[in-house]
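One letter stands for each residue in the lines below.
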Amino acid sequence: MQRPDWAPESIDIERPSVARMYDYYLGGSHNFAVDRAAAQAMIAAVPEAPLMAQANRAFLRRAVQFLLDSGVRQFLDIGSGIPTVGNVHEIATRSAPDARVVYVDTDSVAVAHSREILRGNPSATVVQEDLRRPAAILTHPEVRRLLDFTEPIAVMIVAVLHFVPDSDDPAGILGTLRRALPPGSYLVLSQTSSDGRETDEETREAERVYRNTDNPLTVRSRTALTALFEGFELVDPGVVWVPEWRPDSPDSAEHAAQSAFIGGVGRLGG
């Protein structure tokens, strides 16, 4: 296919990208035919896939607002994806003009568009790095320039962990991040789960679709995700289906299991 002007030469436009598939689910325009085909295959297997992405984005919005209300003004959003409406910096600076945000992603398209959107913004930046290299993230000059590690920081890892297999030691990754954070910091996690799904066939088909992308899928149970909050005190209501996490209204949490995303927020004491 012909490479669009906005696509960096360094990216493979013939292989589906999970970041660009997620952009498609959210109604974005920064995706290629190969991404749309993979996303449509996912939707054929799990028709609620776009609604799942939207439920997860709504969870991110509510979590950021909770963190702002709790006094947090620094955000490290790892695996932030392609910028779409409702990014962390938009939510944060609307309520707190002094908020600072660092986005981290490994996808070249996501990083390129983040840089374009954030050009001239002194309160937000983006770095290209991989969640599986937490030490490299923590020591990155842009991260250290914008974030003060003597003050609370919210680490956001939203809709990302299902692309980190157990063989990559997600508990170890989160432990490295936790040890770098000061007391009063927060961790926000969400990922897909097969808990409560009607059949295992949907899970198997979803895993098959994502095996053909740049990041295969690893689903986890609520128990497994809860264990990854080790060292953090879970904020009420704990790890739940994302529509159930402090919903805007009781109605918005109906049929929560259909979201297929579980998530929670933890606070670092001390």
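Everything discussed here concerns the structure shown above.
I will try to describe carefully the structure that is included in this document. (Residues numbered from 1 in each chain as written. Predicted model: local features only at pLDDT ≥ 70, side-chain atom pairs only at ≥ 80, totals over all residues. Heavy atoms only, no water.)

As for the packing of helix H1 (residues 18-25) against helix H2 (residues 33-45)
For step 1, the next point in the chain: In the contact formed by H1 and H2, the axes pass within 9 Å of each other and the chain directions differ by 65°. Relative to H2, the element H1 lies roughly perpendicular. Along this stretch, H1 crosses H2, giving a crossing that reads as right-handed. Touching Arg-20, Met-21, Tyr-24 and Tyr-25 of H1 are Asp-35, Arg-36, Ala-38, Ala-39, Gln-40, Met-42 and Ile-43, all from H2.
For step 2, the next point in the chain: Residues that form the contact of H1 with H2 fall into these classes: 7 nonpolar, 1 polar and 3 charged. (Axes fitted to C-alpha atoms, helices over the stretch in contact; angles between N-to-C directions. Helix = DSSP H or I, 4+ residues; strand = E, 2+ residues; numbered from the N terminus. Parallel < 35°, antiparallel > 145°, perpendicular 65-115°, else oblique. Left-handed = near helix turned anticlockwise from the far one by under 90°. Contact = heavy atoms within 4.5 Å. Nonpolar A, V, L, I, M, F, W, Y, C, P; charged D, E, K, R; others polar.)

A short note on the pattern of salt bridges
For step 1, the next point in the chain: Per the stated rule, a full pass over the model turns up 9 salt bridges.
For step 2, the next point in the chain: Among the ionic pairs, Asp-248 bridges to Arg-61, the shortest N-O distance being 2.7 Å. Here Asp-248, found in the loop between strand E7 (240-241) and strand E8 (261-267), pairs with Arg-61, found in helix H3 (residues 49-69); they are 187 residues apart in sequence, far enough to count as distant.
For step 3, the next point in the chain: Residue Asp-248 is classed as exposed on the basis of its relative accessible area, which comes to 54%.
For step 4, the next point in the chain: Classification of Arg-61 by relative accessible area gives partly exposed; the value is 35%.
For step 5, the next point in the chain: When salt bridges with common partners are traced through the structure, they connect Arg-20, Asp-35 and Asp-107 into a single cluster. (Salt bridge = Lys/Arg side-chain N within 4 Å of Asp/Glu carboxyl O. Buried < 20%, exposed > 50% of the residue type's maximum accessible area, 1.4 Å probe, protein only.)

Let's talk about unusual backbone geometry
For step 1, the next point in the chain: Cis rather than trans, the peptide bond between Asp-236 and Pro-237 has omega equal to 15°.
For step 2, the next point in the chain: With respect to the element layout, Pro-237 can be found in the loop between strand E6 (233-234) and E7.
For step 3, the next point in the chain: The phi angle at Ala-159 is positive, at roughly 60°, despite the residue not being glycine.
For step 4, the next point in the chain: Along the polypeptide, Ala-159 turns up in the loop between strand E4 (154-158) and helix H8 (170-180).

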